[in-house]
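Spelled out from the first residue to the last, the chains are:
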Amino acid sequence: MVNSTAVNSTDELRVPAREPSRVPGMTSQLQDDLSADGYIVIRDVLTPQQVETLRRIAKRYLRSGGKYLYGGKFQLHAMYAVEEVASFMTSDTILTRLKEITQPLDAVLTGECDLMINTTSSWHNDVPHHPRCVDGSIFSDESFRVYKIAFYLQDQAENSRATLKVRPRSHLKGLTQSLPAKSLGVRAGDAIIFDVRIEHAGQMPTLVDRGLRKLCERIGPWFRLDVQRAFTSTRSIIRRFGRTPDRIAVFMTFGPSEAETYSYAEEGGHRHPGVRGTLSAEVLAQLAVNNIVPPIIGMPVSH
């Protein structure tokens, strides 16, 4: 069974179906931009009501669920932990967007789906665990197409510390500080799709955050404290006094039905084993209607 937040909000999250895009004989502009720059922003994918509903679900679940990490809370494989998130991420409109990116091939969900609140992030990419990252061949391979779709559930201006930052074209070069960074100003409801190889950073830690983390790491063992929990809890108090609004996001990994997507998912499964739970019959039926097989990570292991 899938753990539920006990919020009867699935209907509120259902995105009205749109007609799937016609599969063209050549790549689309979205595909060309994603291939060239490593990211795209699609405006107004969600309505304000859907954003608010998903924010409420995420906050309620992460109040007691998830893991203390990076100064906030983080739920790995959220599709298996929160049924409403699974229903939302497999709605017709979301899946249609994914298929626009992977066409003419079918879209494949790796099973990676992250739900987070108030986490900090430094510059990184999402392939350090991949064997081909060692010799750098993963960055020179223009046929590698594995992506994340991200929804930030609040407005984030370009000049905000909290906004997602990317280094365009770094997906073809690897970790490098020589490329200029670009802050992605987005509104709640916009979708960001980016190549998992691109160098990116979320909410950068402040000087106070860095000092607080080091303090917790130093005194935690003395007082037998969970360092991550102490860091997150103290940071939460500071945010509350400063009236800093919550920063909530959900990410899901996908790619076309080809070998590299399956390879990436397999490596991810080795890195984060132990998926618990199953997807609901309704979610599995929704995937089937859209000609998408169940996510790779989380599939029962055959004996």
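Preceding this section is the structure that the text describes.
For the structure given in this document, a descriptive report is provided here. (Residues numbered from 1 in each chain as written. Predicted model: local features only at pLDDT ≥ 70, side-chain atom pairs only at ≥ 80, totals over all residues. Heavy atoms only, no water.)

**Side note on the pattern of salt bridges**
Defined as follows: By salt bridge we mean one thing: a side-chain nitrogen of Lys or Arg within 4 Å of a carboxyl oxygen of Asp or Glu. Helix numbering and strand numbering both begin at the N terminus, where a helix is a DSSP run of H or I of at least 4 residues and a strand a DSSP run of E of at least 2. Partly exposed residues are those whose accessible area sits between 20% and 50% of the maximum for their type, while under 20% is buried and over 50% is exposed, using a 1.4 Å probe and protein chains only.
Inspection of the entire model under this criterion finds 14 salt bridges. For D190, the salt bridge identified is with R43, shortest N-O distance 2.7 Å. With a gap of 147 residues between them, D190 in the loop between β7 (182-183) and β8 (191-195) and R43 in the loop between β1 (39-42) and α3 (48-64) connect regions that are remote in the sequence. Judged by its relative accessible area of 2%, D190 is buried. A salt bridge links R213 to E217; its shortest N-O distance comes to 3.8 Å. Note that R213 and E217 are positioned in helix α8 (residues 207-219) at a spacing of 4 residues, about one turn of the helix.

**Looking at the sheet that holds strand β4 (residues 107-117)**
Put simply, the test is: Between any two strands, at least two bridges found by DSSP are needed for them to pair. The angle between two axes is taken between their N-to-C directions and runs from 0 to 180 degrees, where each axis is a line fitted to C-alpha atoms and a helix contributes only its stretch in contact. For this analysis, residues touch if any pair of their heavy atoms sits within 4.5 Å.
Read from one edge of the open sheet, 7 strands run β1-β8-β5-β10-β4-β3-β2, paired in antiparallel fashion. Both edges of this open sheet fall to β1 and β2 (67-69), since each of them pairs with a single strand only. Neighbouring strand axes in the sheet, compared pairwise and without regard to direction, differ in orientation by 25° on average. In the sheet, β1 pairs with β8 via 4 bridges, with the strands oriented antiparallel. Bridging from a neighbouring strand, I40 pairs with I193 of β8. Along the sheet, helix α6 (residues 92-102) contacts β1, β4, β5 (147-152), β8 and β10 (248-256); its crossing angle with β10, the most-contacted strand, is approximately 45°.

**Quick notes on the sheet that holds β7**
Read across the open sheet, the 3 strands follow the order β7-β6-β9; overall the sheet is antiparallel. With one partner strand each, in any of the chains shown, β7 and β9 (200-201) form the two edges of the open sheet. Of the strand pairs in this sheet, strand β6 (residues 165-166) and β7 are connected by 2 bridges, and their pairing is antiparallel. Bridge assignment links K165 to a residue of β7, and that residue is S183.

**So, the pairing of β10**
Judged by how many residues are buried, β10 sits mostly within the fold: 9 of 9 residues are covered. Pairing of β4 with β10 involves 8 bridges; the strand directions are antiparallel. Bridging from a neighbouring strand, A107 pairs with P256 of β10. Examined bridge by bridge, β5 and β10 share 6 bridges and lie antiparallel to one another. Note that in β10 the partner of I149 across the bridge is M252.

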